[in-house]
Amino acid sequence: MVLAELGQRISHALASMSAAPVIDEAVLDACLKEIATALLQADVNVKLVANMRNGVKKRVNVEQMAGGLNKQRVVEKAVFEELCSMLDGGDSKKTELKKNKPNVVMFVGLQGAGKTTTCTKYAFMHKKKGFKPAMVCADTFRAGAFDQLKQNATKAQIPFYGSYQETDPALIAAQGVERFKEEKRDLIIVDTSGRHKQEEALFEEMRQVASAVKPDHVIFVMDGSIGQAAYDQAKAFHDSVDVGQVIITKLDGHARGGGALSAVAATRSPITFIGTGEHMHEFEPFQTQKFVARLLGKGDLGGLIDKMKDVMPEEEQQEELINKISKGEFSLRIMYDQFANIMRMGPMSQVMSMIPGLSNMMMPPGHEKESQARMKKYMTIMDSMTDKELDSTSTKIFSEESRIMRWARGSGTSPQEVQLLLEEYKRLSKAFTTTMKGMKLPKNLKGDMNPRNMQQSIAQMSKMLPPNMLKMMGGPNALQNMMKQMEGKF
Ligand SMILES: Nc1nc2c(ncn2[C@@H]2O[C@H](COP(=O)(O)OP(=O)(O)O)[C@@H](O)[C@H]2O)c(=O)[nH]1
Ligand SMILES: [Mg+2]
C-alpha cells in the first residue's frame, strides 16, 4: 500500500468513527481495528501495530469523555501522537555534526537502496551549510561504483577518493579518510558497497570498514518501498555496525509508509532525512509531525513553504528581478533562472501533493514530465549561448541564422527547436512583464508564517509562477479555491 493510501485509510477510519451517533467502546474498537489493518497492510511490524492500538486505548477513556465532537478530537489526537511516537527514534542531538572537527560518516545499506545517491545529497546539503565535505568510495564490489561516485561528486563539486585497482574496501576507506583529514575536510563521507540481499559477507565487510575508519556516525539507507523486509533488514545492519540514524529513500514513488516506521523501531534510531527523487536537491530533513500529518491527509503546508523559500532567490535579488521585469527587461537569463527554479522544486505533482485538499486532484501522470523535459531542452540551448546573448532582452538575436546554427550545434538540437525556444521566450516575456507590473514583493515570505499571511504569500507567489505552471495547477480560480480550503483547515 502506498503512503497516500495508508493515510487515506486512516483518515477514513477516523471519519467513519465520527459519523457514528455515539462513540462508545465498540465504535472506538472498530475504528482502531481498521487503522491496525491499514498499518499492517502498509508493512508496519505486527508488534508495533499492537502497541499503537494499546497506546491509543490507554490515552482515550471513552466513558469519561464529553460530547461527540470532543471524543473524535481526542481519538484523532491520540492516533496522531501514537504514530509520532512510533517514529520517535530517541535523541536526535546525537545525529548532529560537530563544527571544526572531522566528522566521519559511514553510509550502509543494501545494493540499490540509494547509498551513493544519498551520500552526494547529504554532502551537497552540508556544503551549502558551510561544511567542507569529501566523499570516499569504499565500494569495490559493484563494478562502476567508483565511476558513479566520481560523477556524482564532480557534479556537486565535492572532492572524492577511490581506487580502480585496490580490492580491499577497508584499506581504501582508511586511506581516503586519512587523506581528507590531512586536507582538513570536516565532513568525510564513506560510501560502502551493498549486496542484493542480507548476507554475512556484507556485514563482515561493514564491520571491517567501520573498524578501519572509526565513524562518528553510521547512517542506514533504506529503500522506502521494500515492505515487510524493512524490520529485519534494519535490525541486521544495526546488529553489525552502530547505526545511529536512518535515511529513507524513494519516498517519491510507490513507497510504503510502514517501512519507515519499522526501520525506526528496529534500529531505535531516528530518521533524519528522506530522499524524494533522483536529483541532488530532492532531499529533505525528516520531520515526524509533518510526516504523520501528511500521512493523515492533513497536508503539509509547512513543507511547501520551506520548498518555496528554498528556491526563491534572496530578497535583494528578488527585488532587482522584479524591478527589471516590470521595466520590460525580461532577458533569456531570467527565463533560464525561472526554469531552474521550477526544476529545483521538483515535479509539480510533488509540490501539489503537499497542498491540503489537493493531494487527490493530481494532474494526469506524464504531463509534468513532458514539460520538464521541454524546459531542460531549452536550458541546454541557453547553455550554449554567450553571456551577452543571455542578457539581451531583444528578440533580434534570433534573426541571425549563424547564431541559431551555433546554438543548435552547441546543444545538439535542431534550428527548429531553437525557434520553439524563441516562441516560448516571447510568450513568457510578455506574460511576465504584464503580470509583474506594479507587483509588491511578498515580504512575509521571509518572516514568520502565520496562516493568514501564508495565504497571501501563496497568492502572490502564484503570480510569479510562469503562466503554464499556473495552468498546470488548474488556473487562477483553482488556486483561489485551494486557498479558501486552506483557510478552513488552518
Ligand atoms: N526515485 C528515487 N530514486 C532514487 C532515490 N535515491 C536513489 N534513487 C535511485 O536508486 C538507484 C540506486 O541508487 P544508488 O545510489 O546507486 O544505490 P546504492 O547501490 O545503495 O549506492 C539509482 O537509480 C538512483 O537514482 C530517491 O530518493 N528517489
Ligand atoms: Mg553505491
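This structure is a prediction, so every number in the text was calculated from the model and none was measured. (Residues numbered from 1 in each chain as written. Chains lettered and ligands numbered in written order. Predicted model: local features only at pLDDT ≥ 70, side-chain atom pairs only at ≥ 80, totals over all residues. Heavy atoms only, no water.)

Things to note about helix H7 (residues 169-182)
Helix length check: H7, at 14 residues, gives a terminal C-alpha distance of 20 Å against a target of 20 Å (1.5 Å per residue), a fit within 8%. Where H7 is concerned, the buried positions are Pro169, Ala170, Ile172, Ala173, Gly176, Val177 and Phe180. Seen end-on, H7 carries its buried residues on one side only, within an arc spanning 160°. Among the exposed residues of H7, those pointing more than 90 degrees away from its buried face are Glu178 and Glu182. Those residues of H7 that are buried lie in contact with strand S1 (103-108), strand S2 (133-138), strand S3 (160-161), strand S4 (187-192) and helix H8 (200-213). Between the side-chain oxygen at the start of H7 and the backbone nitrogen of Ala170 there is a gap of 3.0 Å, and the oxygen is on Asp168. Lys184 sits one or two residues past H7 and shows a positive phi near 60°. (Helix = DSSP H or I, 4+ residues; strand = E, 2+ residues; numbered from the N terminus. Expected span 1.5 Å × (residues − 1). Buried < 20%, exposed > 50% of the residue type's maximum accessible area, 1.4 Å probe, protein only. Arc of directions from axis to C-beta. Contact = heavy atoms within 4.5 Å. Polar contact = N/O pair within 3.5 Å; in protein donor to acceptor, adjacent residues only side chain to side chain.)

Looking at the confidence of the model for the protein chain
Taken over all residues, the pLDDT of the protein chain has a mean of 78, while the share at 70 or more is 72%. Every residue in residues 438-454 scores below 50 in pLDDT, and together they form 30 contacts with partners more than four places removed in sequence or on other chains. A low-confidence stretch, residues 483-490 stays under pLDDT 50, and its non-local contacts, those more than four residues away or across chains, total 16 contacts. (pLDDT = per-residue confidence, 0-100.)

Overview of unusual backbone geometry
Unusually for a residue other than glycine, Lys214 sits at a positive phi of about 45°. Looking at the element boundaries, Lys214 is found in the loop between H8 and strand S5 (217-223). The phi torsion at Lys250 lies on the positive side, around 60°, for a residue other than glycine. Summarising the element assignment, Lys250 is placed in the loop between strand S6 (245-249) and helix H10 (257-267). Taking relative accessible area as the criterion, Lys250 reaches 35% and is therefore assigned partly exposed.

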